Amino acid sequence: CPPLGLETLKITDFQLHASTAKRYGLGAHRGRLNIQAGVNENDFYDGAWCAGRNDPYQWIEVDARRLTKFTGVITQGRNSLWSSNWVTSYRVLVSNDSHAWTAVRNESGDVIFEGNSEKEIPVLNMLPVPLVARYIRINPRSWFEEGSICMRLEILGCPLPDPNNYYHRRNEMTTTDNLDFKHHNYKEMRQLMKTVNKMCPNITRIYNIGKSNQGLKLYAVEISDNPGEHEVGEPEFRYIAGAHGNEVLGRELILLLMQFMCQEYLAGNPRIVHLIEDTRIHLLPSVNPDGYDKAYKAGSELGGWSLGRWTQDGIDINNNFPDLNSLLWESEDQKKSKRKVPNHHIPIPDWYLSENATVAVETRAIIAWMEKIPFVLGGNLQGGELVVAYPYDMVRSMWKTQDYTPTPDDHVFRWLAYSYASTHRLMTDARRRACHTEDFQKEDGTVNGASWHTVAGSINDFSYLHTNCFELSIYVGCDKYPHESELPEEWENNRESLIVFMEQVHRGIKGIVKDVHGKGIPNAIISVEGVNHDIRTGADGDYWRLLNPGEYVVGVKAEGYAAATKTCEVGYDMGATQCDFTISKTNLARIKEIMKKFGKQPVSLSLRRLRQRARQWRQQ
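What you see is a predicted model; the values in this text were computed from it and never measured.

### Section: the sheet that holds strand β20 (residues 525-528)
Inference 1: With antiparallel pairing, four strands are arranged side by side in an open sheet as β21-β20-β23-β24. This sheet does not close on itself; its edge strands, each paired only once, are β21 (531-536) and β24 (564-570). Adjacent strand axes in the sheet meet at a mean angle of 30°, parallel and antiparallel pairs treated alike.
Inference 2: As defined by bridge partners, strand β23 (residues 550-557) adjoins β24 across seven bridges and the pair is classed as antiparallel. By the bridge assignment for β24, Val 556 is matched with Ala 564.

### With respect to the pairing of β23
Inference 1: Here four bridges tie β20 to β23, and the two strands are oriented antiparallel to one another. Each residue of the ladder has a partner; that of Ser 527, found in β23, is Gly 555.
Inference 2: The antiparallel pairing of β23 with β24 creates a hairpin that spans six residues between the two strands, and Gly 560 there sits at a positive phi of about 90°.

### Some details on a nonpolar patch on the surface
Inference 1: A cluster of nonpolar side chains, Val 39, Leu 81 and Trp 82, forms an exposed patch at the surface whose accessible area comes to about 410 Å².
Inference 2: Relative to the assigned elements, Leu 81 resides in the loop between β3 (60-76) and β4 (87-95).
Inference 3: Taking relative accessible area as the criterion, Leu 81 reaches 60% and is therefore assigned exposed.

### Comments concerning the state of the cysteines
Inference 1: Scanning the entire structure with this criterion turns up five disulfides.
Inference 2: With a sulfur-sulfur separation of 1.9 Å, Cys 50 is cross-linked through a disulfide to Cys 150. Here Cys 50 and Cys 150 share a disulfide; its torsion about the S-S bond, 115°, makes the bridge right-handed. On the criterion of sequence distance, the pair formed by Cys 50 in strand β2 (residues 49-50) and Cys 150 in strand β10 (residues 150-159) is long-range, its members being 100 residues apart.

### Structural notes on helix α11 (residues 459-466)
Turn by turn, an α-helix covers 3.6 residues, leaving residues three or four places apart pointing in a common direction.
Inference 1: Here α11 lies mainly inside the structure; eight of its eight residues are buried.
Inference 2: Within the span of α11, buried status applies to Ile 459, Asn 460, Asp 461, Phe 462, Ser 463, Tyr 464, Leu 465 and His 466.

### Overview of the sheet that holds strand β16 (residues 385-390)
Inference 1: With mixed pairing, eight strands are arranged side by side in an open sheet as β11-β12-β14-β13-β15-β18-β16-β17. Edge positions in the sheet fall to β11 (204-211) and β17 (446-448), since each has one partner strand and no second. Across this sheet, the average inter-strand angle for adjacent strands is 25°, counted without regard to direction.
Inference 2: Each of β12 (217-223), β13 (236-241), β14 (280-284), β15 (375-382) and β18 (470-477) is contacted by helix α3 (residues 249-267), which is oriented at about 140° to β13, the strand it contacts most.
Inference 3: Along the sheet, helix α9 (residues 410-421) makes contact with β13, β15, β16, β17 and β18, crossing β18 at roughly 30°.

### Structural notes on the packing of α3 against helix α4 (residues 270-278)
Inference 1: One can describe the packing of α3 onto α4 by two numbers: an axis separation of 8 Å at closest approach and a directional angle of 110°. Between α3 and α4, the interaxial angle falls into the category roughly perpendicular. Together, Phe 260, Met 261, Glu 264 and Tyr 265 of α3 and Ile 272, Val 273, Leu 275, Ile 276 and Glu 277 of α4 make up the contact between the two elements.

### Concerning the pattern of salt bridges
Inference 1: A full pass over the atoms with the stated rule returns 31 salt bridges.
Inference 2: A salt bridge links Glu 503 to Arg 271; its shortest N-O distance comes to 2.8 Å. Residue Glu 503 is found in helix α12 (residues 487-503), and its partner Arg 271 is found in helix α4; the two are separated by 232 residues along the sequence.
Inference 3: A salt bridge links Asp 429 to Arg 431; the nearest nitrogen and oxygen atoms lie 3.2 Å apart.
Inference 4: Accessibility expressed as a relative area gives 19% for Asp 429, which makes it buried.
Inference 5: Through salt bridges with shared partners, a single network forms among Arg 205, Glu 222, Glu 236 and Arg 280.

### Some remarks on the nonpolar core
Inference 1: Counting 92 residues, the largest nonpolar core has Tyr 239 and Met 261 as the members making the most contacts within it.
Inference 2: With ten residues, the single largest contributor to this core is α3.
Inference 3: Grouped together as the second largest cluster of nonpolar side chains are 27 residues, Leu 16, Ala 64, Val 92 and Val 111 included.

### A short note on the domain arrangement of the chain
Inference 1: Looking at the chain, the domain boundaries give domain 1 (13-159), domain 2 (186-505), domain 3 (509-585) and domain 4 (588-617).
Inference 2: Its C-alpha centre places domain 2 at a distance of 27 Å from the equivalent point of domain 3.
Inference 3: Between domain 2 and domain 3, the contact holds 25 residues from the first and 17 residues from the second.
Inference 4: Overall, the association of domain 2 and domain 3 removes approximately 1,900 Å² of surface from exposure, summing both partners, and the carbon and sulfur fraction of that is 58%.
Inference 5: Together, Asn 343, His 344 and Asn 468 form the three largest contributors to the area buried by domain 2 at its contact with domain 3, with a combined 27%.
Inference 6: Applying the counting rule to domain 2 against domain 3 returns one salt bridge.
Inference 7: Our count for the contact surface shared by domain 2 and domain 3 stands at eleven residue pairs in polar contact (both at pLDDT 80 or more).
Inference 8: Taken together, the elements giving at least two residues each to the side of domain 2 that touches domain 3 come down to β15 and α9.
Inference 9: In terms of residues, the side of domain 2 that touches domain 3 owes the most to one element, α9, which gives four residues.
Inference 10: For the side of domain 2 that touches domain 3, a count of residues per class yields twelve nonpolar, eight polar and five charged.

### Considering the packing of aromatic side chains
Inference 1: Throughout the structure, instances matching the rule amount to 23 aromatic pairs.
Inference 2: An angle of 15° between the planes, with centres 4.2 Å apart, marks the rings of Trp 86 and Phe 144 as stacked. Taken together, the positions of Trp 86 in the loop between β3 and β4 and Phe 144 in the loop between β9 (123-143) and β10 put the pair 58 residues apart, joining distant regions of the chain.
Inference 3: For Phe 144, a relative accessible area of 22% corresponds to the partly exposed category.
Inference 4: On the basis of an interplanar angle of 70° and a centroid distance of 5.0 Å, the ring pair of Trp 369 and Phe 375 is categorised as edge-to-face.
Inference 5: Since its relative accessible area comes to 4%, Trp 369 is described here as buried.
Inference 6: Following the ring pairs from residue to residue traces out a cluster consisting of Trp 329, Tyr 392, Phe 413, Tyr 464 and Phe 470.
Inference 7: In this structure, Arg 137 packs its charged tip against the face of Trp 59, placed 3.6 Å from the ring centre.

### Overview of the packing of helix α6 (residues 324-333) against α11
Inference 1: The N-to-C vectors of α6 and α11 enclose an angle of 55°; their axes lie 9 Å apart at closest approach. With respect to each other, α6 and α11 are oriented oblique. Contacts between α6 and α11 involve Leu 324, Asn 325 and Leu 328 from the former and Asp 461, Phe 462, Leu 465 and His 466 from the latter.
Inference 2: In the contact of α6 with α11, the residues fall into four nonpolar, two polar and one charged.

### What about helix α5 (residues 289-298)?
Inference 1: Buried within α5 we find Pro 289, Asp 290, Gly 291, Tyr 292 and Ala 295.
Inference 2: Looking at the packing, one finds that the buried side of α5 touches α2 (186-199), β12, α3 and α8 (361-372).
Inference 3: Trailing α5 by a residue or two, Gly 299 shows a phi angle of about 100°, which is positive.

Rules used throughout
Per chain, residues are indexed from 1 in the order of the written sequence. A pLDDT threshold of at least 70 governs which residues receive local features in this predicted model, and a stricter bar of 80 or more applies before side-chain atom pairs are shown or counted, although totals over entire chains, interfaces and linings include all residues. The side-chain quantities take in all heavy atoms of the structure and omit both hydrogens and water. In this analysis, strands are considered paired if DSSP registers two or more bridges between them. Under the DSSP-based scheme used, a helix requires at least four consecutive residues in state H or I and a strand at least two consecutive residues in state E, with every element numbered from the N terminus. Fitted lines through C-alpha atoms give the axes, limited to the stretch in contact for helices. The angle between two N-to-C directions lies from 0 to 180 degrees. Distance thresholds for patches are 9 Å for like charges and 5 Å for nonpolar side chains (Val, Leu, Ile, Met, Phe, Trp, Tyr), applied to residues having over 30% relative accessible area and no salt bridge. To be clear on the numbers: accessible area is Shrake-Rupley with a 1.4 Å probe, and residue cover counts the displayed protein chains and nothing else. Whenever Lys or Arg places a side-chain nitrogen within 4 Å of a carboxyl oxygen from Asp or Glu, that contact is recorded as a salt bridge. Three labels apply to residues, based on accessible area from a 1.4 Å probe with only protein chains included: buried if under 20% of the type maximum, exposed if over 50%, partly exposed otherwise in between. Here, two cysteine sulfur atoms that lie within 2.5 Å of each other are counted as a disulfide. Every residue pair with non-hydrogen atoms within 4.5 Å of one another is taken to be in contact. For this classification, under 35 degrees means roughly parallel, over 145 means roughly antiparallel, 65 to 115 means roughly perpendicular, and everything else is oblique. Here the nonpolar core consists of buried residues drawn from Ala, Val, Leu, Ile, Met, Phe, Trp, Tyr and Cys, with membership extended through side-chain atoms lying within 4.5 Å. As used throughout, domain bounds are those supplied by an automatic or database domain assignment. Take the accessible area each of two parts loses on contact, using a 1.4 Å probe, and add the two losses: that sum is the buried area. Residues adjacent in sequence count toward polar contacts only when both atoms are side-chain atoms; beyond that, a polar contact is any pair of N or O atoms within 3.5 Å, and within protein one must be able to donate a hydrogen and the other to accept it. Each residue gets one label: Ala, Val, Leu, Ile, Met, Phe, Trp, Tyr, Cys and Pro are nonpolar, Asp, Glu, Lys and Arg are charged, and the others, such as Gly, are polar. Aromatic rings from Phe, Tyr and Trp, taking only the six-membered ring of Trp, are treated as a pair when their centres fall within 6.5 Å; an angle between ring planes under 30 degrees marks them as stacked, one over 60 as edge-to-face, and anything in between as tilted. Two conditions define a charge sitting above a ring: the NZ of Lys or the CZ of Arg must be within 6 Å of the ring centre, and it must be within 35 degrees of the ring normal.

So this is what it looks like as structure tokens:
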């Protein structure tokens, strides 16, 4: 049977009860598998249920609210940086009324189940035979001798059908989408991509951006009406997932999204057809397949909080990018500094490019991909929380670990984050409880990364400072590795948000910068008055600049060309405003061109006329 949902919060706080609790922050409501205490371990958010006394009469119970076939129990110790507490053995009891309890027994009496031997690795115990009841109670019998009774748990059980209970039928989530709702290992993921490509060969292309540490190819699927080529004027979008290999919900959501878009395109859904025809979409479901492989082998409930998080060589891909923030801020703080750092397209430092730098091969592959394709907007799907985080992810003050650190495009990033959170089924629901320790409701399910926890070298900050792409981290669920049975509901929670966020790539201004002969000018700098962050044109002279509705003075400059400005207005309707520029070469550039053509010799007009006359005379 699948988990009842202590970790996914399907089981509410009101369904959890205990004999005693050490304090509120260690109450029964905190006894959920994989719950995290946070740094403070305070009165409200601690890392387990801990009994108020250490004796064999303590218990924690779950009210399933309907008859359920219970089949197993998974336990963990207390999540804590400072203490070690776990239960080493326990009994299991069941009841239909919460008064008369029956212990799980075998031929020799009450079964004593073996618990944990440390605090983080989950331990599964299956019941000798499944038991049908409404309530289940865990009664610790022994615990770590230098600690106390503390535990986190998940219950495995199948709720029995109850045709008379309207409440449960009304609240059961179903999906009408005919998709492959299962966890896909590497081989199955590859096969699914091939199936989608076979179904929609005209709008999909499979390619890889490099290899993992263990040699697994990092496969991506492109969805576009002209797969394989960048169309001038068409923005490029990306979703990536699985930078932390154990956060697998994002991986499955991307695989579901590619199936969904193919099916809806074939069915003629105008919204999806329009999106595919006007956007080049890239979906990379597994950035860290080596880490995923470890988590997959352990299974959805038994990997703990971190098994498979890192690459094979122990690197956290999400924070493995060059720290360009420090370079920019140092330059801004030291006005007289000789080394001026631009406010965009900051080059990667030499030390990072050396072979000795601690950089994962997966990170290098992503950077090469980001530099090759002119992405405009991106989302990296993560897990373990329910919030959208936007840059900066690093605090500017070196003395703080949390501090709101906005980018020059803060208003745009806040809108982008809200566009996902507000269309998610749960992110902005004021009634839902926090996943672990943070309540993100005050900002409507969004958070500035640096105000949450500071991180140097994040993918979001790097993408913003090194490329034109605005990237956000989307945390899609409290449970990093939900059970297969949860996938249809998680898809319903995220489906609309995934589509709405892609559509935001068409918000702002776009255009082509050309010379007087109509040829696109690459690498021209596009600036917006009042926003200290520029972008550059692509190889064909085209550009996209994400902006909120309003009127903007937009400038363009390119080496050897006269600068130009114009006013561009962004409306509330979806679709970027066209804002093209035609710029001419400066006089100095023209002179240089002429001198280069004639071997740097000044040309005399009278001499040219004499030569022409001599040519004409010879022809006669």
